[in-house]
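If you want the building blocks of each chain, they are given just below.
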Amino acid sequence: MLSFVRGKLLVSLLVLLTVSLVGFALLHLSGDLAATLAGENASAEQIEEIRRSMGLDRSLLAQYASWLTGAARGDLGTSFFTRETVFSLFMARIGTTAILAVCALVVALTISLPLGMLAALRPNSWLDRLVSSLALSGQALPSFFLALMMVSIFGVTLRWLPVSGSSTPLHYIMPIVVLAVGAIPALMRLTRSGVMEVLEQDYIRTARSKGIPTARIMLNHAMRNAILPIISLSAVQLGTLLGGSVIVESVFAIDGIGLLTYRSIQRGDFPVVQAMLMFVSAAYIVLTLLADILNAWLDPRLRQKR
Amino acid sequence: MKKLLKWSTAFGALMSLVLSASAVRAGQSDDTLRVALSRETDFIDSIHTSSADSDLFGTIIFDTLIYADRATGDFKPLLASSWNWTSDKSVEFKLRQGIKFQNGETFNADDVVFTFKQLMDMNNKFRQQQQDFGNIASVEKLDEYTVKLSLKQPEPTFENVLASRVGIWPNEYTEANGHMIHATKPVGTGPYALKSMQKGSSYTLVRNDNYFGGTRPKPTIGTIEIRVIPETQTQIAELMSGGIDMALSLSPTDVTALQGAPGVIVQTGQATRMYFLSMNVAGKDNNPLSNADVRRAISYAVNKPEMVHSLVSPDAAVLATNCNPSQRFCITDVKPVYELNLAKAKELMKTAGYANGFDVTLMAEANIRAIGEALQGYLSAIGIRVRLETMPLPAWRERYIKGESQMSIVGWGSGVTSLDISNTLGIFFNGSSTDYVKDKDITEWNATALRTTDKGKREELYRNTLTRINEQAYVLPLYGTVATYVLSEQVRYQAPVIDFPDISLAGWAK
Amino acid sequence: MEEIQSSLPAPRRLRMRRALQHGGFIFGFAILFVTIVIAIFAPFIAPHDPIAQNLGVRLLPPLWMQGGRPDYLLGTDHLGRDYLSRLIYGSRVSLIVGFSTMLIAGAIGSALGFVGGYYGGRTDDIVTYVINCRLSMPGLLVALAVISLVGGSLATIILVLGLLFWDRYAVVVRTATQQVRNADFIAAARVAGASAPWIIWNEIRPNVLHHILVIATLEMAMAILSEASLSFLGLGIRAPTPSWGLMIAEGRSFLFAKPYLVWVPGIAIFLLVLATNLLGDGLRDLSQPEGRR
């Protein structure tokens with residue numbers, strides 16, 4: 001088990017390093033940061049001055065190296081715009097976004113697990129078809145469109161929910177629903193197909209034919225086996241939710257890292273954007289790593305495979 | 001069953017908590033004015049940054065020596081009870097007595113001298129420091145309540161800077177904590193004090209009950225809560241659902257969506273910002289725009305009143321000359337001026353040798369795309385095929401400075417600093433990288449006007465400039481923007497004559 | 001189509017019958033087909049020029065609402081442009097982005113998947129590593145950041161999306177290739193002296209093509225959604241080109257005063273993405289012997 005974890009850890013670190021390099025290169029090659037940063041009345045000379053003072057005139061590799069050594073010490077740089085450290089900007093907002101993402105995942109799981117299981121029990125029944133249609137519709141709804149519709153209906157017309165901000169728990173309801181709707185379809189499909197696969201196996205068929213209650217079979221056998229891929233997908237989804245919060249946070253004016261990223265992208269605040277890319281990548285890598293370890297722990301066979 | 005009961009009780013408790021929290025709605029009931037802004041500001045004082053949004057905070061937390069009266073635009077005494085230009089390069093301020101800062105410090109000449117000393121120290125690297133404060137030669141305390149300020153060169157627009165950016169700092173507090181403290185924990189003499197802020201998202205300000213009143217009346221509303229809401233439709237939704245009482249950064253187009261909404265009042269006011277169509281006059285090499293007749297044809301081809309009144313606002317100013325009539329020294333009675341005349345435009349295109357038109361790229365900031373599209377439509381009528389490129393402001397600026405613009409819609413100026421025409425003519429006709437005209441006479445006239453205090457002389461110089469611009473059709477002046485102030489009907493607030501809102505003036509309607 | 005057949009147990013006629021009985025497949029296919037026809041013949045169908053503004057008729061409501069006019073079936077936008085025509089031309093952007101992204105991403109992902117799956121060993125390790133790196137990068141965020149710096153345009157969007165969203169192809173093709181790799185007919189070809197590229201192209205590709213097709217439709221739906229999101233955030237298609245996401249972005253300040261400006265393009269995106277997904281699901285069901293699962 002230990003060597004399994006060690007191997008995974010090493011690969012994850014390598015992936016993180018590669019991703020940071022690619023992200024860094026992409027951002028630097030895509031535009032002239034110095035000119036983007038220069039003040040409103042900047043002349044060509046001032047832009048050069050900024051380029052020098054920010055060290056943007058050095059070679060890409062040199063810049064990356066200094067960024068990386070900083071990052072390794074926990075110094076992610078300073079925002080060009082607010083001049084606060086990127087770290088403090090993040091820490092002030094990560095809580096809000098984490099609440100959003102985790103709640104959305106929990107909501108998505110509480111809806112998609114039971115529905116997916118029920119659908120798997122009765123393939124091609126009306127319930128199964130309903131569940132599939134729901135999944136398909138959810139998948140086809142652009143989150144920004146859903147968000148606008150919800151604001152219009154529940155915020156303005158019915159006035160049930162506050163429209164924007166994050167000062168009370170009520171404020172979180174609409175954003176969480178929008179995010180959850182995005183995560184439900186994949187989770188539901190996976191639950192359905194996973195459970196179905198297990199149900200078709202001989203020992204389950206035998207158990208069912210012997211009259212053991214379906215609910216017990218579901219919980220004791222089917223779910224336990226279907227849960228492995230669901231854990232993995234949940235980890236993936238959590239990473240996606242962190243990224244998806246960009247749209248939701250900007251529509252609902254929630255000051256989390258999604259909105260921070262969107263604003264930073266708009267004003268060319270490179271250190272923040274780079275850090276955000278790194279953060280989401282790291283979150284994804286850590287989560288999938290945890291899911292892998294958890295899976296290996298639940299199912300020892302996986303430890304042999306690489 | 002027991003479990004279920006326990007759960008439902010917990011749920012009930014949670015729901016009641018949630019519902020009680022939601023009872024907090026905008027308005028008078030808790031004496032809190034809720035205001036929405038679109039953009040977050042990096043700092044909330046006017047020295048460390050310079051943007052309309054930070055000015056909003058700076059204005060109510062700090063007092064300036066001179067106050068720009070929001071109803072008339074006149075300069076009136078505030079912290080200075082009077083001021084007197086002893087020569088065209090020096091001014092004496094008599095300070096008001098008996099004023100205390102929000103932290104209890106007494107206001108006197110030392111604070112003023114300290115503040116100006118900070119402004120003069122170029123190591124502080126304040127935003128636009130050289131441009132706004134570089135001309136200050138010295139500051140001197142004559143007695144406890146008298147200060148003398150000297151300039152290096154005459155500067156007729158200096159009072160604009162004083163009235164907009166220079167909030168006076170308490171010397172002891174600032175010295176002890178460094179000037180950056182005002183970016184996060186500001187202390188001024190103004191009508192509201194910052195109580196708390198979540199930087200970039202919400203700010204709470206409370207009334208300064210000891211405010212001295214006078215030129216600027218004592219504030220009435222107890223608390224002001226300012227929130228940053230980036231999306232316009234969310235702001236509109238908040239206004240319609242009663243979540244906010246005031247929105248200050250909606251565009252006139254956004255506001256048309258609010259007309260007739262119950263409980264919402266839309267006011268418009270004059271703004272100093274103006275837009276013009278910049279053309280690459282000086283560019284060489286096969287450049288149709290270097291031909292004056294082509295530029296004149298373009299000027300005759302655009303139906304400005306139609307475009308401006310339907311796309312910007314019925315209240316927006318259609319510009320005849322390259323300045324906003326709300327600006328001082330904006331002269332509009334020059335000749336020639338251009339009005340829609342397609343026949344003449346086509347004829348001019350023919351004489352210029354472009355009877356079949358040409359291709360050109362028009363760049364514009366993304367949020368004025370509609371104007372670009374309108375121009376695209378008008379110019380197609382005289383055969384000019386416009387490729388419209390819209391982009392975020394920084395990207396546009398970058399390319400404009402690099403000289404990559406063939407045609408651009410340029411917006412410039414805001415607030416008190418552009419109250420004077422020099423602000424608008426400044427960087428677009430000074431021979432710099434942002435000057436696409438490079439007319440030496442104009443550069444000369446403008447530079448002279450900037451150091452001339454005699455009003456008659458200044459006016460003459462600007463008349464020369466504006467006339468030359470129109471004669472040569474160097475640019476096509478388009479429109480002056482309208483400032484919008486969207487309020488809930490609970491709020492009483494008079495739209496200011498200049499787009500430099502002072503929300504300490506707001507009160508409850510009843 | 002010939003090649004797929006060999007991998008499917010059912011003869012073509014049976015498959016046709018099953019396809020016709022598959023409601024979702026028919027629905028998806030029909031909508032996608034109609035959209036493609038509309039997009040191709042847009043100039044003949046659209047009643048107005050989609051970018052010609054007419055300020056005199058701005059913000060007209062659709063025909064069925066008070067004040068609607070028969071010459072503007074779906075009303076007009078804030079510049080007085082015919083909304084129906086914009087919707088019709090907007091389908092072009094969605095489809096071009098969808099198909100082109102699918103082609104680019106499909107080519108990259110499949111190539112990686114074939115190579116990794118066929119060669120195995122070290123090569124596969126590298127491919128897996130590349131896939132892992134890609135999966136770790138937040139796709140939409142990277143797209144946003146890059147496009148904001150480069151500037152949005154149809155070509156940029158297609159390129160960025162195509163270069164980003166190839167991961168699923170790679171994963172699926174790699175697994176599918178691994179499954180076929182050891183089949184007898186592959187071994188036979190190898191013994192006969194066929195080169196690896198030849199085997200991949202002529203023996204393996206036909207056998208995994210149906211997997212690629214399924215992923216392609218699902219990914220096309222993703223690309224359409226991504227373009228809409230990017231355009232909505234103001235970092236996508238440039239005006240005045242009509243794109244559905246952009247139409248929502250332009251109409252959103254009128255969300256309450258003129259809700260149709262948001263609903264109409266919103267429903268269009270929804271339907272097209274739904275149809276594409278249905279088609280993909282249908283393809284998968286039909287390629288599996290037991291039918292729907």
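Computed from a predicted model, the values in this text were never measured in an experiment.

What counts and what doesn't
- Residues numbered from 1 in each chain as written.
- Chains lettered and ligands numbered in written order.
- Predicted model: local features only at pLDDT ≥ 70, side-chain atom pairs only at ≥ 80, totals over all residues.
- Helix = DSSP H or I, 4+ residues; strand = E, 2+ residues; numbered from the N terminus.
- Buried ≥ 20, exposed ≤ 12 C-beta atoms within 10 Å, placed from the backbone.
- Contact = placed C-beta atoms within 7 Å.
- Pairing = 2+ DSSP bridges.
- Nonpolar A, V, L, I, M, F, W, Y, C, P; charged D, E, K, R; others polar.
- Core = buried A, V, L, I, M, F, W, Y, C linked by C-beta atoms within 7 Å.
- Axes fitted to C-alpha atoms, helices over the stretch in contact; angles between N-to-C directions.
- Left-handed = near helix turned anticlockwise from the far one by under 90°.
- pLDDT = per-residue confidence, 0-100.
- Expected span 1.5 Å × (residues − 1).

**Student:** Describe in detail the overall build of chain C, supporting the description with residues and values.
**Tutor:** Looking only at helices and strands, chain C features 13 helices and zero strands. Counting helices and strands in the order they occur from the N terminus, chain C gives α-α-α-α-α-α-α-α-α-α-α-α-α. If one aligns the C-alpha atoms of chain C with their principal axes, the spans along those axes are about 75 × 50 × 30 Å. Taken across its 293 residues, chain C has 53% of its residues classed as buried. For chain C, the proportion of contacts with a sequence separation of at least 24, taken over those separated by at least 6, is 71%.

**Student:** Explain the overall build of chain A to me, and be specific about the residues and the numbers.
**Tutor:** Per the secondary structure count, chain A includes 13 helices and zero strands. The linear arrangement of helices and strands in chain A, starting from the amino end, is α-α-α-α-α-α-α-α-α-α-α-α-α. Across its three principal directions, the C-alpha atoms of chain A cover 85 × 60 × 30 Å. Out of the 306 residues belonging to chain A, those deemed buried represent 46%.

**Student:** Lay out the pairing of strand β5 (residues 90–95) of chain B in plain terms, naming residues and giving numbers.
**Tutor:** Residue and element names in this part refer to chain B. Judged by which residues are buried, β5 turns out to be one-sided: V91, F93 and L95 face inward and are buried, whereas S90, E92 and K94, on the alternate face, are not. Here strand β4 (residues 80–87) pairs with β5 via six bridges, running antiparallel. Across the sheet, the residue bridging to N84 is E92, located in β5. What sits between the antiparallel neighbours β4 and β5 is a turn of two residues. Of the strand pairs in this sheet, β5 and strand β7 (residues 146–151) are connected by five bridges, and their pairing is antiparallel. By the bridge assignment for β7, E92 is matched with K148.

**Student:** An account of the interface of chain C and chain A is needed here, citing residue identities and associated values.
**Tutor:** Tallying the contact residues gives 34 residues for chain C and 35 residues for chain A. When residues of the side of chain C that touches chain A are traced back to their parent elements, those giving at least two are α6 (121–136), α7 (139–150), α11 (196–232) and α13 (260–287) of chain C. No other element matches α7(C), which puts nine residues into the side of chain C that touches chain A. For the side of chain C that touches chain A, the per-class residue count stands at 25 nonpolar, six polar and three charged.

**Student:** Describe the interface of chain B and chain C, with residues and values.
**Tutor:** Facing 22 residues of chain B, the contacting portion of chain C comprises 16 residues. Put simply, the parts of the chain that give the side of chain B that touches chain C at least two residues each are α8 (232–240), α9 (252–256), α11 (304–312), α13 (369–380) and β15 (384–391) of chain B. Class assignment for the residues of the side of chain B that touches chain C results in eleven nonpolar, six polar and five charged.

**Student:** Tell me what's going on with the nonpolar core, and back it up with residues and numbers.
**Tutor:** In terms of nonpolar packing, the biggest core is built from 309 residues, with A104(A), A147(A), V35(B), A143(C), L144(C) and A145(C) touching the most fellow members. Ranked by the residues each element gives to this core, the list is headed by α11(C), at 18 residues. Sequence-distant contacts of A104(A), that is, excluding residues within four places in its chain, are made with I176(A), L179(A), A180(A), A183(A) and L241(A).

**Student:** Quick one: what's the story with unusual backbone geometry, residue by residue and with numbers?
**Tutor:** Residue P336(B) is bonded to the preceding K335(B) through a cis peptide linkage, with omega at -5°. One non-glycine residue with positive phi stands out, namely N124(A), at about 70°. Note that N124(A) resides in the loop between α5 (86–121) and α6 (126–140). We classify N124(A) as exposed; it has 12 C-beta atoms within 10 Å. In the Ramachandran plot, F329(B) falls in the positive-phi region, its phi being about 70° despite a non-glycine side chain. With respect to the element layout, F329(B) can be found in the loop between β13 (317–318) and α12 (342–351). On the neighbour-count criterion, F329(B) (21 C-beta atoms within 10 Å) is buried.

**Student:** Summarise the pairing of strand β10 (residues 223–228) of chain B; cite the residues concerned and give the values.
**Tutor:** Residue and element names in this part refer to chain B. Of all six residues in β10, five are buried, a share of seventy percent or more. As paired elements, strand β1 (residues 32–37) and β10 share six bridges and run parallel to each other. Across the sheet, residue L33 finds its bridge partner in β10, namely I224.

**Student:** An account of the sheet that holds β7(B) is needed here, citing residue identities and associated values.
**Tutor:** All names here are of chain B. Taken in spatial order, the four strands line up as β4-β5-β7-β6 in an open sheet, and their pairing is antiparallel. Both outer strands of the open sheet, β4 and β6 (136–143), are each paired with one neighbouring strand and no more. Taken pair by pair, the neighbouring strands of this sheet meet at an average axis angle of 20°, ignoring direction. Each of β5, β6 and β7 is contacted by helix α3 (residues 109–120), which is oriented at about 170° to β6, the strand it contacts most.

**Student:** Quick one: what's the story with the packing of α5(A) against helix α8 (residues 173–199) of chain A, residue by residue and with numbers?
**Tutor:** Residue and element names in this part refer to chain A. Interaxial distance between α5 and α8 falls to 6 Å at its minimum, and their mutual angle equals 35°. Once α5 is placed against α8, the crossing between them reads as right-handed. Class assignment of the residues belonging to the contact of α5 with α8 gives a composition of 24 nonpolar, three polar and one charged.

**Student:** Summarise the confidence of the model for chain C; cite the residues concerned and give the values.
**Tutor:** Do not read the predicted coordinates in detail wherever pLDDT is low. Residues and elements named next belong to chain C. Residues with a pLDDT of 70 or more make up 94% of chain C, whose mean pLDDT is 86. Between the elements of chain C, mean pLDDT differs from a low of 43, seen in helix α1 (residues 2–7), to a high of 94, seen in helix α5 (residues 83–119). Under a pLDDT of 50 for its full length, residues 1–9 has, in the predicted model, twelve contacts with residues more than four places off or in other chains. Scored by ipTM, the complex comes to 0.86, with pTM at 0.82.

**Student:** Please give an account of α6(C) that cites residues and values.
**Tutor:** Counted at 1.5 Å a residue, the expected span for α6(C) with its 16 residues is 22 Å, and the 22 Å between its end C-alpha atoms agrees. For α6(C), the complete set of buried residues consists of V127(C), I131(C), C133(C), R134(C), L135(C) and S136(C).

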